[in-house]
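Geometric and topological summary
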Amino acid sequence: MKALLLTAHGDASVLACGELPTPTPGPGEALVRLQASGVNHMDLLIRNGYPGIAVQLPHVLGGDVVGLVAAVGRGVTTVREGDRVIAAPVSGCGHCERCVEGQEFLCDAWQYLGFHRPGGYAQFCCVPARSLLALPESIDAGIAAALPVAGLTAFHAMTSVAQLRAGQTIFIWGGAGALGTMSIQIARALGLRPLIAASSEEKRALGLRLGAELALDPNDADFADRLRAVAPAGVDAVLDSVGAQTFPRSFSMVRKGGQLLLCGMIGGREAPLSIHQTYLRHLSVRGLYLGSRAELATLVRLVADRTVNPHIGTRIPFEQAAAGQQLLESRRNQGKIALLFS
Ligand SMILES: [Zn+2]
């Protein structure tokens, strides 16, 4: 099979098209022939080589897996050859307390597609069969690629983690990215009031089109005033995938009793925290990424009934994933960067 191989750590030039033997599904696994995958920040962290994130080279990146079941291993009864599927990106041991509760992302033996096991930057991918969900024909494969990583993280953050209620505000940094655009629409679907920051006029216009109530320029002098005009006591939650660069502002804009939802570190991974202000203001600092298979199933239903319409800004053949990564690094992309397979 053709695969895009990570051959060394470095910039996008270390990705090379190559051939790998098509994997054979082991017991409990299914082989998926890819229709679409996607580019994520996690791919960049792994590619660049990050402390604590080690992979064996050559490695196949890609947390988003959408396609057709091509073969199943021993004992698999939940999917059959030919089924159109989408994979939950995290699997667990399947039998610990966390896994039994459906929270495989909390399993100590967690495996993330494209990190602990080969991912979606290849024509075929072996995944645990229990990670697979049926994908309706009505959902285009490229659109589905926005769901496993970006969509699931946004949905998990606002529902299970923050348990936000209709009418509450959520501020979203990077409102025009894949996570941002999914977050706006999911927030709207939940009856929340999404407020965003985005770095260009075009990106802010996209955010407003997708349902943001307010779209701010993070560099504007009147940023805080405009935010206060719609959320006088502060926002109920902040979804912060940027990290150290935005954390102080996230901390200051959240209301008393509000929540800081941390799910990324593209702007740095360490930030000072005032313990005093945190307890004085009854703040919750919550860390998260991805989510459960059940949450992904709910999200698939929201997309199938058109309540949520993922914005795919870029569709490219999977062989051009290096260019997709460069686009993501340039921060010029809008919405999801989908990788398509012929
Ligand atoms: Zn487990």
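All figures in this text were calculated on a predicted structure; none of them were measured in a lab.

Rules of the game
Residues numbered from 1 in each chain as written. Predicted model: local features only at pLDDT ≥ 70, side-chain atom pairs only at ≥ 80, totals over all residues. Heavy atoms only, no water. Core = buried A, V, L, I, M, F, W, Y, C linked by side-chain atoms within 4.5 Å. Buried < 20%, exposed > 50% of the residue type's maximum accessible area, 1.4 Å probe, protein only. Helix = DSSP H or I, 4+ residues; strand = E, 2+ residues; numbered from the N terminus. Domains from an automatic or database assignment. Contact = heavy atoms within 4.5 Å. Pairing = 2+ DSSP bridges. Axes fitted to C-alpha atoms, helices over the stretch in contact; angles between N-to-C directions.

1. Some remarks on the nonpolar core
Ranked by size, the top nonpolar core spans 97 residues in total, and within it L132, I170, M182 and L261 carry the most contacts. For this core, the leading source of residues is helix α4 (residues 147-161), giving 9 residues. Residues from two domains meet in this core; each of domain 1 (2-146 + 311-340) and domain 2 (152-287) gives at least three. In this structure I170 touches M158, L164, A187, L192, R193, P194, L195, A237, L239 and L261, once residues within four positions along its chain are discounted. Core analysis: the next-biggest nonpolar cluster, separate from the first, contains 18 residues, F223, L227, V238 and L283 among them.

2. Quick look at the environment of L340
Examined against the element boundaries, L340 turns out to sit in strand β17 (residues 336-340). On the accessibility criterion, L340 (26% relative accessible area) is partly exposed. Each C-alpha atom, one on L340 and one on L262, is 30 Å from the other, the two residues being 78 residues apart in sequence. Apart from the residues lying within four places of it in its own chain, the contact partners of L340 are Q35, A36, G142, R315, I316, P317 and F318.

3. A closer look at the sheet that holds strand β12 (residues 214-216)
Spatially, the 6 strands line up as an open sheet ordered β12-β11-β10-β13-β14-β15, and their pairing is parallel. Both edges of this open sheet fall to β12 and β15 (284-287), since each of them pairs with a single strand only. Direction aside, neighbouring strands of the sheet carry axes that sit 20° apart on average. Taken together, the 3 bridges between strand β11 (residues 193-197) and β12 define a ladder with parallel strand orientation.

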